[in-house]
Amino acid sequence: MDVHKIAVIPGDGGGPEVIREGVRVLEEAARLDGGFRFEFTWFPWGCGYYLKHGRMMEEDGISRLEKFDAIYLGAVGYPGVPDHISLWDLLLTIRKSFDQYVNLRPITLLKGAPCPLKDVRREDIDMLFVRENSEGEYAGSGSWLFKGKPNEVVIQDGVFSRTGCERIIRYAFELARERKKSLTSISKANALNYSMVFWDQIFEEVSREYPDVETHSYLVDAASMLMVKDPRRFEIVVTSNLFGDILTDLGAAIAGGMGLAAGANLNPERIYPSMFEPIHGSAPDIAGQGKANPLAAIWSASQMLDFFGHEDMGSRVLSAIEAVLEEGSVLTPDLGGTATTSQTADRVLAKLCG
């Protein structure tokens, strides 16, 4: 029997509540399958840990996490801890340390999920964003000159390497070929005359190796408009770190809201552990009230199952989420219901077992 060792970092605010339900779903999926099981190790890191110890995780945190097959992360962030600290000292440190250069974010309108767009069919919104996850605008490169003086200057660099651009674009092409989907590249080469011109050049170079894949290219502002006006244009999408971050929040808004937004941070070579997370915030204002939506965390658990090669079970979990949405009677307040976090997860488990 396969044993998957998972490091669980439940995080802050509503994070522990939704991650707990995701773990329950993973355990049930393993029981139903019978061919694998999970071993979970919990780590109390995040903003609460920072307020006590002055750091987001233990000093040897990365070396401890390296021993696991995957990481299951809840939302991070809490009042009193600046966002750049909670992001850089935990989430981005893990992504960079483990070369999780692929960020996969599905933008799929499930049956029963609310959509603010008029006259949009379920099949019109079915995208998979492949976001570069290791460099670009989040490389952490720059300078802060003459700090606190009238002539203060801040420089934030966007770092785009040939290796970084080529590997993420090639990963997206392979996905598009495998799934027989079109591939769209999103950049901003008309204004960013170095980084995005370079990105477009590499996209064109790699595309020659995949003549069977239909390709499109849009500027990020036009893509934002088209995601709202004509979302069916997009199937597989590849883009930079910053643009991917922004556009997938827009995608979440048109596909049910942030409570349904899941993400996978992958090291495709599996040299290091990959990480799976709901991408909504920690929502400290509703923490401990049982109002947090667990469906994004459960969807990211489905992504973990896919990553480990249990695609059938991953698909069953996603179908269970969709069945609960379509039924509509057991949903959290953000989706118009009155159910608690655990009641919603219980209903997913019932559908999974049914």
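Residues numbered from 1 in each chain as written. Predicted model: local features only at pLDDT ≥ 70, side-chain atom pairs only at ≥ 80, totals over all residues. Heavy atoms only, no water.

For the protein chain, the name recorded in an unreviewed UniProt entry is D-malate dehydrogenase (decarboxylating), with Clostridium symbiosum as its organism. Word for word, the UniProt comment on the protein chain under Catalytic activity (unreviewed entry) is "(R)-malate + NAD(+) = pyruvate + CO2 + NADH". Recorded in UniProt under Sequence similarities (unreviewed entry), the annotation for the protein chain is "Belongs to the isocitrate and isopropylmalate dehydrogenases family." (UniProt positions renumbered as here; feature names shortened; annotations may be inferred.)

## Points about the packing of helix α1 (residues 15–33) against helix α10 (residues 311–327)
The interhelical angle for the contact between α1 and α10, taken along N-to-C directions, is 130°, at an axis separation of 11 Å. Between α1 and α10, the crossing angle belongs to the class labelled oblique. Regarding α1 and α10, the two cross each other, and that crossing is right-handed. Of the residues in α10, those touching α1 at V25, A29, L32 and D33 are M313, R316 and V317. A per-class count over the contact of α1 with α10 returns five nonpolar, no polar and two charged. (Axes fitted to C-alpha atoms, helices over the stretch in contact; angles between N-to-C directions. Helix = DSSP H or I, 4+ residues; strand = E, 2+ residues; numbered from the N terminus. Parallel < 35°, antiparallel > 145°, perpendicular 65-115°, else oblique. Left-handed = near helix turned anticlockwise from the far one by under 90°. Contact = heavy atoms within 4.5 Å. Nonpolar A, V, L, I, M, F, W, Y, C, P; charged D, E, K, R; others polar.)

## Comments concerning the pattern of salt bridges
Applying the stated criterion across every chain yields a total of 23 salt bridges. The residue E28 makes a salt bridge to R31 at a minimum N-O spacing of 2.5 Å. With E28 and R31 both in helix α1 and three residues apart, this pair spans about one turn of that helix. Looking at E28, the relative accessible area reads 15%, which means it is buried. Here the salt bridges share partners, and the residues they tie into one network are R121, E123, D124, D230, R232 and R233. (Salt bridge = Lys/Arg side-chain N within 4 Å of Asp/Glu carboxyl O. Buried < 20%, exposed > 50% of the residue type's maximum accessible area, 1.4 Å probe, protein only.)

## Details of the UniProt feature "domain: Isopropylmalate dehydrogenase-like" (unreviewed entry) in the protein chain
According to UniProt, the "domain: Isopropylmalate dehydrogenase-like" (unreviewed entry) feature falls on residues 5–348. Secondary structure content for residues 5–348 is 40% helix and 18% strand, and the end C-alpha separation is 24 Å.

## Examining the sheet that holds strand β2 (residues 36–42)
Spatially, β2-β1-β3-β12-β11-β4-β5-β10-β8-β9 is the arrangement adopted by the ten strands of the open sheet, whose pairing is mixed. Strand pairing shows two members of the sheet lacking a second neighbour, β2 and β9 (215–219), which therefore form its edges. Neighbour to neighbour, the strand axes of the sheet diverge by 25° on average, direction disregarded. Across four bridges, strand β11 (residues 262–266) lies against strand β12 (residues 274–278) in antiparallel orientation. Looking at β12, one finds that G263 is bridged to E277. (Pairing = 2+ DSSP bridges.)

## Considering the domain arrangement of the protein chain
When the domains of the protein chain are assigned, the result is domain 1 (1–99 + 267–353) and domain 2 (114–254). Centre-to-centre, using C-alpha coordinates, domain 1 lies 25 Å away from domain 2. At the interface, eight residues of domain 1 touch eleven residues of domain 2. Between domain 1 and domain 2, the buried area comes to about 770 Å², and carbon and sulfur atoms account for 48% of it. Linking domain 1 with domain 2 are two salt bridges, by the criterion used here. With a shortest N-O distance of 2.9 Å, D99 and R167 are connected by a salt bridge. Viewed at the interface, domain 2 and domain 1 are joined by five residue pairs in polar contact (both at pLDDT 80 or more). Its residues placed into classes, the side of domain 1 that touches domain 2 shows four nonpolar, no polar and four charged. (Domains from an automatic or database assignment. Buried area = accessible area lost by both parts, 1.4 Å probe. Polar contact = N/O pair within 3.5 Å; in protein donor to acceptor, adjacent residues only side chain to side chain.)

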